[in-house]
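The lines below spell out each chain.
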2 protein chains.
Amino acid sequence: MKTVETRVQELVEKLRGQDCRITPQRLAILHVLASSRLHPSVEQIFAKVKGDFPTTSIATVYKTISLLKEMGELIEFSFGDGSNHYDGRDPFPHPHFICRFCHRIEDLEIPELKDIGARLAARSDYRITGYQLNCWGICPACHAAAGQTETGLGAG
Amino acid sequence: MKTVETRVQELVEKLRGQDCRITPQRLAILHVLASSRLHPSVEQIFAKVKGDFPTTSIATVYKTISLLKEMGELIEFSFGDGSNHYDGRDPFPHPHFICRFCHRIEDLEIPELKDIGARLAARSDYRITGYQLNCWGICPACHAAAGQTETGLGAG
DNA sequence: TTACATGCAAACGGTTTGCAGGGGA
DNA sequence: TCCCCTGCAAACCGTTTGCATGTAA
């Protein structure tokens, strides 16, 4: 995985290539996106950027996010919690894990599903061009913190 | 797969078991949920129910949906199109396909991923209790209707 | 008869938009 | 300098809530 600064520079160059200007606010947003492993919401990105630029508007965050999304440089997730979440580190589809208790969102390594993308893309009748695999459950921290009663594989 | 009427009766009995009343509006909602293969939104369910009960309120649809969701009798999806979609025919997780052009949502048969649920549940470190696999692409109808340029496996 | 469901309207919260002023290139 | 970007506020829209009335059991 590339470093945070490498990814920021990559995004800067892609924006410049689209005749977009690199403002201090945008740079701060890019840095949050490139460094956040926990798939932040717009509100969370906004909160971090505000630390450096207190006058920042949430509309600016939305506009930059929208720009990057159109360019295919970040993945948008709707986990049904009311707000969307974003992965700006790795815009290529990969499995995610959402803890039912603390709601943290992490990348998930599933070795036996490593080639799921190729398998899906190879299907001839449906022309699959992208996917999202989201898994819900209990993260190690929450599992350790409390005995758990939920078992089996239920809805969503 | 069970018939529409069988599924409606099943839902009726589960609601009765929770001391819920079976009103004509609810019965109509159950019928739409049990018969819709295309994973309707609340607005779409509302439109169908209104055909039989013109005075129906959308709040009633939301309340019944919420009830069934809590009972685990339907799956809720957020595909990022602004509204949630529901599967009341089969509340057990299974892959879905969303057409990028006509936005239809269908169940997807992926034989080689038939045991994905078991594989995920068997993972010891993360206690996975549910999942959603959503695939985006071009449905046969849209593919036939127009030449397509999109290839590869891009973001979500 | 009575507790629950309905339907209306207002509230809510995340997202989008319009616009005047500011600043990157 | 020029055009894009910012920040504010209002609009937007799916969803939730409160409450008086209606109705299933």
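Look up: the structure comes first, before these words.
In this text the structure is predicted, and so the values were computed from the model without any measurement.

1. Side note on the packing of helix 2 (residues 24-35) of chain A against helix 3 (residues 42-52) of chain A
Residues and elements named next belong to chain A.
And step 1. In contact at an axis separation of 9 Å, helix 2 and helix 3 are set at 125° when each is read in the N-to-C sense. The angle between the axes of helix 2 and helix 3 places the two elements in the oblique class. Seen along the crossing, helix 2 lies across helix 3 with a hand that is right-handed. Here Gln25, Ala28, Ile29, Val32 and Leu33 of helix 2 lie close against helix 3, whose contacting residues are Ile45, Lys48 and Val49.
And step 2. Its residues assigned to classes, the contact of helix 2 with helix 3 shows six nonpolar, one polar and one charged.

2. Examining the protein's contact with DNA strand C
And step 1. Close contacts around DNA strand C come from 20 residues, with Arg21 and Tyr62 of chain A together with Thr23, Arg26 and Lys63 of chain B the closest.
And step 2. Ser57 of chain B places a main-chain nitrogen or oxygen 3.2 Å from a phosphate oxygen of DNA strand C.
And step 3. Mapped by element, the contributors of at least two residues to the surface near DNA strand C are helix 4 (58-70) of chain A together with helix 2 (24-35) and helix 4 (58-70) of chain B.
And step 4. For the surface near DNA strand C, the per-class residue count stands at five nonpolar, nine polar and six charged.

3. Some words on the interface of chain A and chain B
And step 1. At the interface, 46 residues of chain A touch 46 residues of chain B.
And step 2. The interface formed by chain A and chain B includes zero salt bridges.
And step 3. Listed by contribution, the elements that provide at least two residues to the side of chain A that touches chain B are strand 1 (75-78), helix 5 (116-122), strand 5 (128-137) and helix 6 (140-145) of chain A.
And step 4. Looking at which element gives the most residues to the side of chain A that touches chain B, the answer is strand 5 of chain A, with ten residues.
And step 5. Of the residues contributing to the side of chain A that touches chain B, the split by class is 24 nonpolar, 13 polar and nine charged.
And step 6. Of the strand pairs in this sheet, strand 5 of chain A and strand 5 (residues 128-137) of chain B are connected by nine bridges, and their pairing is antiparallel.

4. Some remarks on the pattern of salt bridges
Pairing is possible between side chains of opposite charge, provided their charged atoms come close.
Residues and elements named next belong to chain B.
And step 1. According to the stated counting rule, one finds twelve salt bridges over all chains in the structure shown.
And step 2. One salt bridge connects Arg7 with Glu10, and the closest N-O pair in it is separated by 2.3 Å. Separated by three residues within a single helix, Arg7 and Glu10 lie in helix 1 (residues 4-17), roughly one turn from each other.
And step 3. On the basis of relative accessible area, Arg7 is assigned to the buried category, the value being 2%.
And step 4. Of the charged contacts in the structure, one is a salt bridge between Lys14 and Glu73, with a shortest N-O distance of 3.0 Å. Highlighted residues: Lys14 in helix 1 and Glu73 in the loop between helix 4 and strand 1 (75-78), separated in sequence by 59 residues.
And step 5. For Lys14, a relative accessible area of 38% gives the class partly exposed.

5. Quick look at the sheet that holds strand 3 (residues 96-99) of chain B
And step 1. Strand order in the open sheet formed by six strands is 4(A)-3(A)-5(A)-5(B)-3(B)-4(B), and the pairing between neighbours is mixed. Only two strands of the sheet have a single neighbouring strand rather than two, namely strand 4 (105-107) of chain A together with strand 4 (105-107) of chain B. The sheet shows a mean angle of 25° between the axes of neighbouring strands, direction not considered.

Rules behind the numbers
Residues numbered from 1 in each chain as written. Chains lettered and ligands numbered in written order. Predicted model: local features only at pLDDT ≥ 70, side-chain atom pairs only at ≥ 80, totals over all residues. Heavy atoms only, no water. Axes fitted to C-alpha atoms, helices over the stretch in contact; angles between N-to-C directions. Helix = DSSP H or I, 4+ residues; strand = E, 2+ residues; numbered from the N terminus. Parallel < 35°, antiparallel > 145°, perpendicular 65-115°, else oblique. Left-handed = near helix turned anticlockwise from the far one by under 90°. Contact = heavy atoms within 4.5 Å. Nonpolar A, V, L, I, M, F, W, Y, C, P; charged D, E, K, R; others polar. Near = heavy atom within 4 Å. Polar contact = N/O pair within 3.5 Å; in protein donor to acceptor, adjacent residues only side chain to side chain. Salt bridge = Lys/Arg side-chain N within 4 Å of Asp/Glu carboxyl O. Pairing = 2+ DSSP bridges. Buried < 20%, exposed > 50% of the residue type's maximum accessible area, 1.4 Å probe, protein only.

Any functional reading would require information that these geometric values do not contain.
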